[in-house]
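Tertiary structure, described
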Amino acid sequence: MNSIPYGRQHITDDDIAAVNAVLRSSHLTQGPKIGELEEAFARYVGATYAVAVANGTAALHLCCMALNVGPGTRVITTPITFSASANCVRYCGGEVHFADIDPDNVLLDPKAVRSLLESHPKGYFSGIIPVDFAGYPVDMAAFRELADEFGLWIIEDSCHAPGATFVDKNGVTHRCGDGSLAELAIFSFHPVKHIAAGEGGMITTNDKELYHHLLRLRTHGITNKPEELTQPYPDEPERGGWYMELQELGYNYRLTDIQAALALSQMNRVDAMLDRRRELAARYDAAFSEAATSGLPIQIIVPPAGIGHAYHLYVIQTPDRKGLYDSLRTKNIFAQVHYIPVHLMPYYRQFGWKPGDFPHAEHYYAQGLSLPLFPTLTDDEQNYVINQVLGFLHVKSFINPN
Ligand SMILES: *Cc1c(COP(=O)(O)O)cnc(C)c1O
């Protein structure tokens, strides 16, 4: 068996042709492909506006800037995420606070966030960055309610969840990042995520003002749009076509047209790739729920009806996680651990966070393992993974490939 990673991009001849076409065109960086990708992505998630940026981390950074995070701004996020969800607050000089996860779904627990909010005066915190961990949409209705009650904004980190859906209290189905409940949502086009651009990111929003601000911040804080110019200039005819203004300190966080063309080409099969992820997850579910029922030490997460999980990751929990991880490696299966809790990273410990602060997150970290899951994983490869996992858990398994 060839080695099987936990995630892998899928590049087709059409993808390559799309990139080649850009290389032969007049625009390499921010050209026509950016607008096309933004429009396609906004339509896909159901948001009004989308802003393409260099990567998901840049997306988070710009969102924090647009929401005026600065020294003294306190923001709450989850310990079980990629550290970028917290780092973006630090880039702006803000304070990162954490609340524990719900052990049933590994997501930031709105109840834990509420008790944190209630233990401080109103106005103490400014925002929440919940994360759709593994592709499981967070309870955005609950976070919206908290945000309205406590005067907070929300940046939804949906890097794992393009295409994920949830049903609101009125029975309406939403895609993560549709802008209906969070001010801003962000996505990543890192190759291991659903849509690959090499590097790339996207911000979605329904807020026109934030949208225009993000467009400026992405390009240094510069604008040449007549309606945005602020500098008085009495002798208007002398102000030529070259005129632009640096209005605040932004960054060069542009995406290239080369990358946008790749992402756009991948979007042509985004539904098929998501279907395949869900199909593979259902096959894991079937194998492991049977194992769990028969008493094997394995726990899986099966979302309730109404949750459209996007399955960036397929996670299991087992007490001898290191044993299983090491055993799988000897069989050429490269499972991965997502994530070492952010509050336990040396960088964050300097702010006083320590082991024991978030017991559910730390328990999940002790037992969690992400198994291989990507659209081109074959049934045979997956059966091999399942057999190795069950074999380690000491059962004789038989897999029905159908
Ligand atoms: C991948 C990821 C990011 C960062 O995205 P990049 O494109 O790699 O910068 C942020 N948050 C989460 C949850 C991620 O998985």
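Residues numbered from 1 in each chain as written. Predicted model: local features only at pLDDT ≥ 70, side-chain atom pairs only at ≥ 80, totals over all residues. Heavy atoms only, no water.

What follows is about the overall build of the chain. Assigned secondary structure in the chain consists of 13 helices and 18 strands. At 22 Å, the chain has a C-alpha radius of gyration in line with the 21 Å of a compact globule built from 402 residues. Over its C-alpha atoms, taken along the principal directions, the chain stretches across nearly 85 × 55 × 45 Å. Taken across its 402 residues, the chain has 57% of its residues classed as buried. (Helix = DSSP H or I, 4+ residues; strand = E, 2+ residues; numbered from the N terminus. Rg over C-alpha atoms; globule rule 2.2 N^0.38 Å. Buried < 20%, exposed > 50% of the residue type's maximum accessible area, 1.4 Å probe, protein only.)

In the UniProt entry, the feature "active site" (unreviewed entry) is given for K193. For K193, the location among the structural elements is in the loop between β11 (184-188) and β12 (201-205). Look at K193 and you get buried, because its relative accessible area is 15%. The residues contacting K193, other than those within four sequence positions of it, are C159, H160, S188, R277 and H312. (UniProt positions renumbered as here; feature names shortened; annotations may be inferred. Contact = heavy atoms within 4.5 Å.)

Inspection of the region around the ligand gives 16 residues, with T57, D157, H160, S188 and K193 positioned closest. Calculation on the ligand without its partners gives an accessible area of 380 Å², and the protein chains cover 92% of this total. Every element with two or more residues in the shell around the ligand is listed here: α3 (56-66) and α4 (84-91). No other element matches α3, which puts three residues into the shell around the ligand. For the shell around the ligand, the per-class residue count stands at six nonpolar, eight polar and two charged. (Near = heavy atom within 4 Å. Areas by Shrake-Rupley, 256 points an atom, 1.4 Å probe, with all protein chains shown as cover. Nonpolar A, V, L, I, M, F, W, Y, C, P; charged D, E, K, R; others polar.)

Glancing now at the sheet that holds strand β16 (residues 314-317). Backbone-to-backbone hydrogen bonds pair the strands of a sheet. The strands run either parallel or antiparallel. If you walk across this open sheet you meet the three strands as β15-β16-β18, and the pairing is antiparallel. Sheet topology places β15 (299-300) and β18 (368-371) at the edges, where each strand pairs with a single neighbour. Direction of pairing for β16 relative to β18: antiparallel, over a ladder of four bridges. Pairing of Y314 across the sheet is with L371, part of β18. Relative to the sheet, helix α12 (residues 359-367) contacts β16 and β18, its axis offset from that of β18 by approximately 50°. (Pairing = 2+ DSSP bridges. Axes fitted to C-alpha atoms, helices over the stretch in contact; angles between N-to-C directions.)

In this model, H338 is joined to Y339 through a cis peptide bond whose omega is 5°. Its location among the elements puts Y339 in the loop between β17 (333-334) and α11 (346-349). Backbone geometry places H220, a non-glycine residue, at a positive phi of 70°. Looking at the secondary structure, you find H220 in the loop between α7 (208-218) and β13 (222-223). H220 gets classed as partly exposed once you look at its relative accessible area, which sits at 32%.

For the structure on display, the rule yields zero disulfides. In this structure C63 is a free cysteine whose sulfur lies 7.0 Å from that of C64, the closest cysteine sulfur available. (Disulfide = S-S within 2.5 Å.)

Attention now moves to the packing of aromatic side chains. Both the distance between ring centres and the angle between the ring planes are used here to describe each pair of aromatic rings. Applying the stated rule across the entire model yields 20 aromatic pairs. Between F98 and W353, the aromatic rings sit 5.2 Å apart at their centres with planes inclined by 80°, giving edge-to-face as the arrangement. Within this pair, whereas F98 is found in strand β4 (residues 95-98), its partner W353 is found in the loop between α11 and α12, the two being separated by 255 residues in sequence. A relative accessible area of 3% means that F98 is categorised as buried. Residue classification places W353 among the buried residues on the basis of a relative accessible area of 18%. What links up through ring pairs into an aromatic cluster is the set F98, Y347, Y348, F351, W353 and F358. Note that R74 overlies the ring of Y124, its terminal NZ or CZ placed 3.7 Å from the centroid. (Phe/Tyr/Trp six-rings, centres within 6.5 Å; stacked < 30°, edge-to-face > 60°. Lys NZ or Arg CZ within 6 Å of the ring centre and 35° of its normal.)

Under the definition given, this model contains 17 salt bridges. Residue E149 is joined to R114 by a salt bridge in which the shortest nitrogen-to-oxygen separation is 2.8 Å. Here E149, found in helix α6 (residues 140-150), pairs with R114, found in helix α5 (residues 110-118); they are 35 residues apart in sequence, far enough to count as distant. Among the residues examined, E149 registers a relative accessible area of 35% and is labelled partly exposed. For R114, a relative accessible area of 24% translates into the label partly exposed. Between D379 and R283 there is a salt bridge, with its nearest N and O atoms 4.0 Å apart. Here R283 lies in helix α9 (residues 270-293) and D379 lies in helix α13 (residues 379-392), a separation of 96 residues in the sequence. The class of R283 is buried, set by a relative accessible area of 16%. Overlapping salt bridges bring together R276, E279, R283 and D379 as one network. (Salt bridge = Lys/Arg side-chain N within 4 Å of Asp/Glu carboxyl O.)

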